[in-house]
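Residue-level structural notes
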Amino acid sequence: MAGKRGSHIDIVISFVIFVVFLGFLYSIISPAKVQENKEAILNQLEKEIKDKLSADLTSSSINIPGDYTWDCFQVEHPITFEEGLNVIVKNETNDVVKFASEESAGAIKKYLKIDGRPDMKSFKIYYSEEEFNGLGLDEENCFENAGQFVLETTDYPIKQVGLIRTEKYIFETKVRKAFENKESYDEVKESLDVPYGSEFSFNFTFNDGTSVAGENKKVSTNVYAREVPVQYINEEANITLGYLNIKVW
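These notes cover the structure that comes with them. None of these values were measured; they are calculated from a predicted model. (Residues numbered from 1 in each chain as written. Predicted model: local features only at pLDDT ≥ 70, side-chain atom pairs only at ≥ 80, totals over all residues. Heavy atoms only, no water.)

**So, a negative patch on the surface**
There is a patch of like negative charges on the surface, built from Glu183, Asp186, Glu187, Glu190 and Asp193. Along the polypeptide, Glu183 turns up in the loop between helix 2 (172-180) and helix 3 (185-191). (Patch = residues over 30% accessible without salt bridge, like charges linked within 9 Å, V, L, I, M, F, W, Y side chains within 5 Å. Areas by Shrake-Rupley, 256 points an atom, 1.4 Å probe, with all protein chains shown as cover. Salt bridge = Lys/Arg side-chain N within 4 Å of Asp/Glu carboxyl O. Lys, Arg positive; Asp, Glu negative; His and termini not counted. Charge placed at Lys NZ, Arg CZ, Asp CG, Glu CD. Helix = DSSP H or I, 4+ residues; strand = E, 2+ residues; numbered from the N terminus.)

Put into structure tokens, the structure is as follows:
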């Protein structure tokens, strides 16, 4: 009888040890698994947020050759100009210059009238559906008989420098619109495909140190955070550095 009782006690002790061992394994594996899941969510959120804050930027460089005394140039758009595109023009020192977009008689062609100087004949033109902080043209700065140059012709030998390039960037304007948007937290969460049971927040810090952020939530659990350095386009079409900060819990 004593032997059987001892056998039962051994079984119970072995079972308890086994349960404790399982608990120990769970205490090690579970946090690692949670961290792995949250890292996956951070990766997903980083991609989704970048996509929603990005737009196309098309750029083209032009050079007006010859010894001309004009200080205003009328140039055919180097790309097919479509409604909804915004434009900004910059000179060789990266300063924004005054310009106006005009149509020919019958709206057959669309031109840029650029306010330059006789010694300033290299310009870079940027296009995007996002808005720029450009400078409007004063007619007194750009007289009516401006020199007209059209790409790829013998009579008007304007030179296009380099390729027309279209690249996707985060835009300052889209960042600000995103945080000014009146969508609820749940709507934003759904649009970013945040998994059920997880919560999130994000903010954006601009190059000048200012930030925009959403609702500040009180969190009483572990928070997994990531700071992502990103290039973005400001309102003068400059590529500058900012930081996207994402938190999930």
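From this point on, the discussion continues.
**Thoughts on the pairing of strand 1 (residues 54-63)**
Among the ten residues that make up strand 1, eight are buried, leaving the element largely enclosed by the rest of the structure. By the bridge criterion, six bridges tie strand 1 to strand 6 (residues 122-128) in an arrangement that is antiparallel. What sits directly across from Ser61, in strand 6, is Lys124. (Buried < 20%, exposed > 50% of the residue type's maximum accessible area, 1.4 Å probe, protein only. Pairing = 2+ DSSP bridges.)

**Digging into the pattern of salt bridges**
Counted by the stated rule, this structure contains nine salt bridges. Across the pair Arg226 and Glu39 runs a salt bridge, and its minimum N-O distance is 3.0 Å. Of this pair, Arg226 sits in strand 12 (residues 224-233) while Glu39 sits in helix 1 (residues 2-52), placing them 187 residues apart in sequence. The exposure class assigned to Arg226 is buried, which follows from its relative accessible area of 18%. A salt bridge links Lys110 to Glu83; the nearest nitrogen and oxygen atoms lie 2.9 Å apart. In this pair, Lys110 sits in strand 5 (residues 110-115) while Glu83 sits in the loop between strand 2 (72-76) and strand 3 (86-91), placing the two residues 27 residues apart along the sequence.

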